[in-house]
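Notes for the structure review
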Amino acid sequence: MSGRAVTSRPAGYREAAWSWTQHLRSAGSTPWPAWTGDPGQPVPGDWAVPGAAQLELVRRLAERSELDVRSFARLADLVLNRSGPGRGLAQQPLAWPGATTSFGPPPTDPGEVPLEELVRVGVGALTELLLAAPQAAVAPTSVRRRLLTRTPAFELDGSPVTTSAVRRALARAGHVEGGRAPRAVIVVEPVDQALFQAWSARAQAGAAVRWRGFAHRWAARRLLPPSADLPALARQWADRVGADNVHLVVVPTPRSAAALVGDALGLDLAPSRGVRLAGPPPVLPLSPAAVDVVRRVNAVLDVRVPGPRRAGRRRALAAMLAAFREGTGQTLTVPPPLRDWAREQGQRAVEELTSAGYPVHGRLAGAVPRFQGLAWHPSRAEALDLVVQACLTVAGPSPEGGAS
Amino acid sequence: MTGAGPDRSRPTRVLVHVGAPKTGTSFVQDVLWLNRELLAEQGILYPADRFDEHFLAALDLLELQWGGLEAQAVGAWDRLAARVREWEGTVVVSHEILATASRQQVRRALESFGDAEVHVVLSARDLVRQIPAEWQENVKHRRTLGYRDFLDTIMDESRTTELASWFWGVQEVPDVLDRWGGTLPDDRVHLVTVPKPGAPRDLLWHRFESVLGLQSLGLAPVTTRANPSLGVPETALLRRINARVNDGVLVGDDYRQLVRELLAHRTLSERTSSPRLGLPDDVRRWAVELSAAWIDLLSGRGYDVVGSLDELRPDPPGEGAAFSDPDRPDEAAVADAAVLSVVTLLGEASRLQQSERRLQTELEATYQELERSRGPWFRVKRRLVLAADDHRLAAVGLQVYRSLRGRSSRSA
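Treat the numbers as computed from the prediction; the structure is a model and nothing was measured.

**Quick notes on the overall build of chain A**
Looking only at helices and strands, chain A features 13 helices and five strands. Dimensions of chain A, computed from C-alpha atoms along their principal axes, come out at roughly 80 × 50 × 35 Å. By the burial criterion, 55% of the 404 residues in chain A qualify as buried. Of all intrachain contacts in chain A linking residues separated by at least 6 positions in sequence, the fraction that spans at least 24 positions is 81%. Surface accessibility of chain A: about 17,700 Å² in total, with carbon and sulfur atoms responsible for 52%. One finds the centroid of the 47 positive side-chain charges in chain A at a distance of 6 Å from the centroid of its 33 negative side-chain charges.

**Re the overall build of chain B**
Helix and strand content of chain B: 16 helices and seven strands. For chain B, whose C-alpha radius of gyration is 28 Å, the value lies well above the compact-globule estimate of 22 Å for 412 residues. Within chain B, buried positions represent 49% of all 412 residues. In chain B, of all internal contacts separated by at least 6 residues, the share reaching a separation of at least 24 is 78%. As displayed, chain B offers around 20,000 Å² of accessible surface, 52% of which is attributable to carbon and sulfur atoms. The distance from the centre of the 52 positive side-chain charges to the centre of the 60 negative ones in chain B is 9 Å.

**Observations regarding the confidence of the model for chain B**
Residues and elements named next belong to chain B. Across chain B, the average pLDDT comes to 90, with 94% of residues at 70 or higher. Taken element by element, the predicted model of chain B shows its lowest mean pLDDT in strand S7 (residues 409-411) (45) and its highest in helix H7 (residues 147-155) (98). Low pLDDT, under 50, characterises residues 408-412; the stretch is placed with 25 contacts to residues that sit more than four places away or in other chains. Predicted complex, confidence summary: ipTM 0.84, pTM 0.87.

**Remarks on unusual backbone geometry**
Glycine aside, residues mostly have negative phi, and peptide bonds are mostly found in the trans state. The linkage connecting Gly19(B) with the following residue, Ala20(B), adopts the cis geometry, with an omega of 0°. Along the chain, Ala20(B) falls in the loop between strand S1 (13-17) and helix H1 (25-34). Residues other than glycine seldom take positive phi values, yet Ala181(A) does so here, at roughly 45°. The backbone phi angle of Arg142(B) is positive, close to 75°, even though this residue is not glycine.

**Observations regarding the nonpolar core**
Counting residues in hydrophobic clusters, the biggest one holds 85 residues, and the most contacted among them are Trp77(B) and Trp180(B). One finds Leu130(A), Ala318(A), Phe324(A) and Leu386(A) within the second-largest nonpolar core, a separate group that totals 82 residues.

**Concerning the sheet that holds strand S5 (residues 189-193) of chain B**
Residues and elements named next belong to chain B. Pairing in this open sheet of six strands is parallel, and the strands run S2-S3-S1-S4-S5-S6 from one edge to the other. Edge positions in the sheet fall to strand S2 (44-45) and strand S6 (304-306), since each of these pairs with one other strand and no more. As judged from the five bridges shared by S1 and strand S3 (residues 90-94), these two strands associate in the parallel manner. For Val 14, the partnering residue across the bridge sits in S3 and is Val 91.

**Thoughts on the interface of chain A and chain B**
The interface is formed by 57 residues belonging to chain A together with 47 residues belonging to chain B. With both chains or domains summed, chain A and chain B bury close to 4,200 Å², and 50% of this area falls on carbon and sulfur atoms. Summed over the shared surface of chain A and chain B, the number is two salt bridges. Glu63(B) is paired through a salt bridge with Arg304(A); the nearest N and O atoms lie 3.8 Å apart. The set of elements that each furnish at least two residues to the side of chain A that touches chain B consists of strand S1 (142-144), strand S2 (154-157), helix H5 (160-172), helix H7 (211-220), helix H8 (230-241) and helix H10 (288-304) of chain A. Ranked by residue count, the leading element in the side of chain A that touches chain B is H10(A), at five residues. A class-by-class count of the residues in the side of chain A that touches chain B yields 24 nonpolar, 16 polar and 17 charged.

**A look at the environment of Val368(A)**
Residue and element names in this part refer to chain A. Looking at where Val 368 falls in the secondary structure, it is placed in the loop between strand S5 (360-361) and helix H13 (380-395). For the pair Val 368 and Pro 190, spaced 178 residues apart in sequence, the C-alpha separation works out to 5.1 Å. Among residues more than four places away in sequence, those in contact with Val 368 are Pro 190, Arg 343, Gly 346, Gln 347 and Val 350.

**Some details on the packing of helix H2 (residues 52-64) of chain A against helix H4 (residues 115-132) of chain A**
Residue and element names in this part refer to chain A. Between H2 and H4, the least distance of the axes is 9 Å, while the angle of their chain directions is 80°. Comparing their axes, H4 and H2 come out roughly perpendicular. Here Ala 53, Gln 54, Glu 56, Leu 57 and Arg 60 of H2 lie close against H4, whose contacting residues are Leu 115, Glu 117, Leu 118, Val 121 and Gly 122.

**Here we look at the packing of aromatic side chains**
Inspection of the entire model under this criterion finds 19 aromatic pairs over all chains. The interplanar angle of 35° and the centroid separation of 5.8 Å between the aromatic rings of Trp32(A) and Trp96(A) together place this pair among those described as tilted. Of the two residues, Trp32(A) is situated in the loop between helix H1 (13-25) and H2 and Trp96(A) in the loop between helix H3 (69-80) and H4; the sequence distance between them amounts to 64 residues. We classify Trp96(A) as partly exposed; its relative accessible area is 24%. With a centroid separation of 6.0 Å and 75° between ring planes, the pair formed by Trp168(B) and Trp286(B) is classed as edge-to-face. Highlighted residues: Trp168(B) in helix H8 (residues 162-171) and Trp286(B) in helix H13 (residues 281-299), separated in sequence by 118 residues. A relative accessible area of 4% places Trp168(B) in the buried class. On the accessibility criterion, Trp286(B) (22% relative accessible area) is partly exposed.

**A word on a nonpolar patch on the surface**
Judged by side-chain polarity, Trp377(B), Val380(B) and Leu384(B) come together as a nonpolar surface patch covering roughly 330 Å² of accessible area. Tracing the chain through its elements places Leu384(B) in helix H15 (residues 376-387).

**As for the sheet that holds strand S3 (residues 183-188) of chain A**
All names here are of chain A. A sheet is described by the order of its strands in space; here four strands give the open sequence S2-S3-S4-S5, paired in parallel fashion. Two strands lie at the open edges of the sheet, namely S2 and S5, each paired on one side alone. Pairing of strand S4 (residues 246-250) with S5, which is carried by two bridges, proceeds in the parallel orientation. Its bridge partner lying in S5, Val 249 is registered against His 361. Sheet strands touched by H8: S2, S3 and S4. Its angle to S3, the strand with the most contacts, is close to 175°.

**Here we look at the side chain of Asn138(B)**
Secondary-structure assignment places Asn138(B) in helix H6 (residues 127-140). When sequence neighbours within four positions are dropped, the list of residues in contact with Asn138(B) reads Arg143(B), Phe150(B) and Leu163(B).

**Describing the packing of H3(A) against H13(A)**
Packed helices, taken two at a time, are described by the angle their axes make and the gap between the axes. All names here are of chain A. Closest axis-to-axis distance for the H3/H13 pair is 10 Å, and the angle between their directions is 125°. When the axis of H3 is compared with that of H13, the two are oblique. You can see that H3 and H13 cross each other, and the crossing is right-handed. On H13, the residues touching Ser 71, Phe 72 and Leu 75 of H3 are Cys 391, Leu 392 and Ala 395.

**Some thoughts on H7(A)**
Residue and element names in this part refer to chain A. Here H7 lies mainly inside the structure; seven of its 10 residues are buried. Looking only at H7, the buried set comprises Trp 211, Gly 213, Phe 214, Ala 215, His 216, Trp 218 and Ala 219. Packing partners of the buried residues in H7 comprise helix H6 (191-204) and helix H12 (339-356). Looking at the residues trailing H7, positive phi occurs at Arg 222, about 55°.

Cut-offs used in this document
Residues numbered from 1 in each chain as written. Chains lettered and ligands numbered in written order. Predicted model: local features only at pLDDT ≥ 70, side-chain atom pairs only at ≥ 80, totals over all residues. Heavy atoms only, no water. Helix = DSSP H or I, 4+ residues; strand = E, 2+ residues; numbered from the N terminus. Buried < 20%, exposed > 50% of the residue type's maximum accessible area, 1.4 Å probe, protein only. Contact = heavy atoms within 4.5 Å. Areas by Shrake-Rupley, 256 points an atom, 1.4 Å probe, with all protein chains shown as cover. Lys, Arg positive; Asp, Glu negative; His and termini not counted. Charge placed at Lys NZ, Arg CZ, Asp CG, Glu CD. Rg over C-alpha atoms; globule rule 2.2 N^0.38 Å. pLDDT = per-residue confidence, 0-100. Core = buried A, V, L, I, M, F, W, Y, C linked by side-chain atoms within 4.5 Å. Pairing = 2+ DSSP bridges. Buried area = accessible area lost by both parts, 1.4 Å probe. Salt bridge = Lys/Arg side-chain N within 4 Å of Asp/Glu carboxyl O. Nonpolar A, V, L, I, M, F, W, Y, C, P; charged D, E, K, R; others polar. Axes fitted to C-alpha atoms, helices over the stretch in contact; angles between N-to-C directions. Parallel < 35°, antiparallel > 145°, perpendicular 65-115°, else oblique. Phe/Tyr/Trp six-rings, centres within 6.5 Å; stacked < 30°, edge-to-face > 60°. Patch = residues over 30% accessible without salt bridge, like charges linked within 9 Å, V, L, I, M, F, W, Y side chains within 5 Å. Left-handed = near helix turned anticlockwise from the far one by under 90°.

In structure tokens form, the structure reads like this:
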């Protein structure tokens, strides 16, 4: 490609850009403004200078890389030869003293490329790597309740991330839901946290919706997702098992949930010897940035591969991001314009649940969001960090020794 | 297929019409779609089994989400390219969002055509007409950005917003031609200029005919898919509607059907006496200068210009033509447009209600038919279920049945 968009460049631009690109491909991480590398290298005639965002992403990958030279060069080429998916900024040329342009995007210092653009380019590369990686077999995680068991009959309901973790902790101790005339246990969390968990679960199931859009849509309908609508959940269970058998367990933090549910049911949570759980739980406790990465990758998978081929990649990505353990325990609250609505939803839940007279473990006021100290959108810097880590992980040598 | 069919003695020649939006692209695509069988008989392939096939291919190439349509676009570019490679003759590919493709996406597209002789076609119209049209398209695609904010965004030289990137990605003629034609000989890069207002009605079509090699076919330049423009108060109304229906009130397909098609295209566009959208003086001056720079630059290239580069130079404003600001519209005119919209939507609601009643009647008849075809044991069980609402014994029996039948395992 001729790359004629830059209409006037002093001599040396292409040579400097070429040598810097080769430096980055070999896992060098010198920033462009500091690059004084060999400008005498011959430049292939059909070579076009990659976009500033692509080059900066490779530089950031190089800063964190422990890959061998060949694996890193392969990863760099993937990034350099692929544009960011979907809508974003046009590819910008590199800033160069004395250069003028009469059309096309303005030149820039790659270090000034917005984080959003680096995330977009990185997500494109990450999706490509996930699609090329061998698919791991997914171990079934279903656990059957024993016919003869001392575990009382129970059913668990509420926010998907918390209930998934609790269900797993109970199963590890040999306690599986089901049985006749069960006691329904509903975990109660602040409305904004429940909404965040619903978003996380939706993203882990393939949705590409942004947090802001997700929260605004529910607020515009004056509704909550089914897993976060505690009065409705309680009513449904009361219809089935009677109001006396619907127990509300208020969970101050998701980590304490299993113990509190265990207490409410009178269960011993010591691990049981005979239980083996393979694979991760169905809904993972991801940080807000990790959920954001998953939903961005979903958007690319939606247009790249048919439905059946998406789920395995999505699960692999979520498991990898959860394993990084960055931001574990972090959560989001709703954007400021939605806070009155969220507070009202929490207060309505407290009033309805209180007046219905269900047995309560803890203080129901815990359903009202407090907002303080919580971010209301995922951090782009953290998302970029996760994308970089994920790209390096997937691009790394496979266990068999070859590159995956 | 009958007639001459593809010419097996010639290599494949692909004409890729990449835009720009609002330059008659939908019109050309519809004429090609409606005449695809006749074209094929003459050795010209318009590879499409549905009218939006090239749009889906473009979504695939650009990896773009588009209100859920992208799910139908998976693999669409590769399928299109395979049909191009199989054809021996001329192939036309056309979609206006292709204009925004990056260099890597252009390379993928061109490589996917194999050893075909590729020509790139870009149709272009002067900026003073394009800028308002782009904002209006934005509004017809759920955007709520005010006109002045839109203008300031695209005039900002840093282009650090997604909106500015998209606008210039499809409208910056020299850049689009450079991205798409940078690796092609200049004589395979064709720039079709849109005639000035008042030019003969079919002139633009004749230019497309000439560049696509359709002159001898005598195709009727008629279309069933218009993308009409709106007046200032109508666009202002639509923008206000967007602010109320976004965030979940209307999902993608409902918005497309009810707002874009029913309200914008079939109702509000009929109000042709409303003032048309133009540019404020400062923006007009800037657009005129920029156009002059483009013309200067393009005249130094060896591209095949079909029409005249001078047509990209905006006309001076008409006598007494005042700028009508959609950010401060005539509220009485907006109210008139709103009443017309309410009436249209009531008519649509009435039509849907009648349809629902008819379907309800059909459903009931089908249900009765089904009941008659089921055995007596099913009818007994059904009566018991209904009885459980009123009789405690029946309710207890039903609860026992359901608990026995219920779940006995859970995923951990």
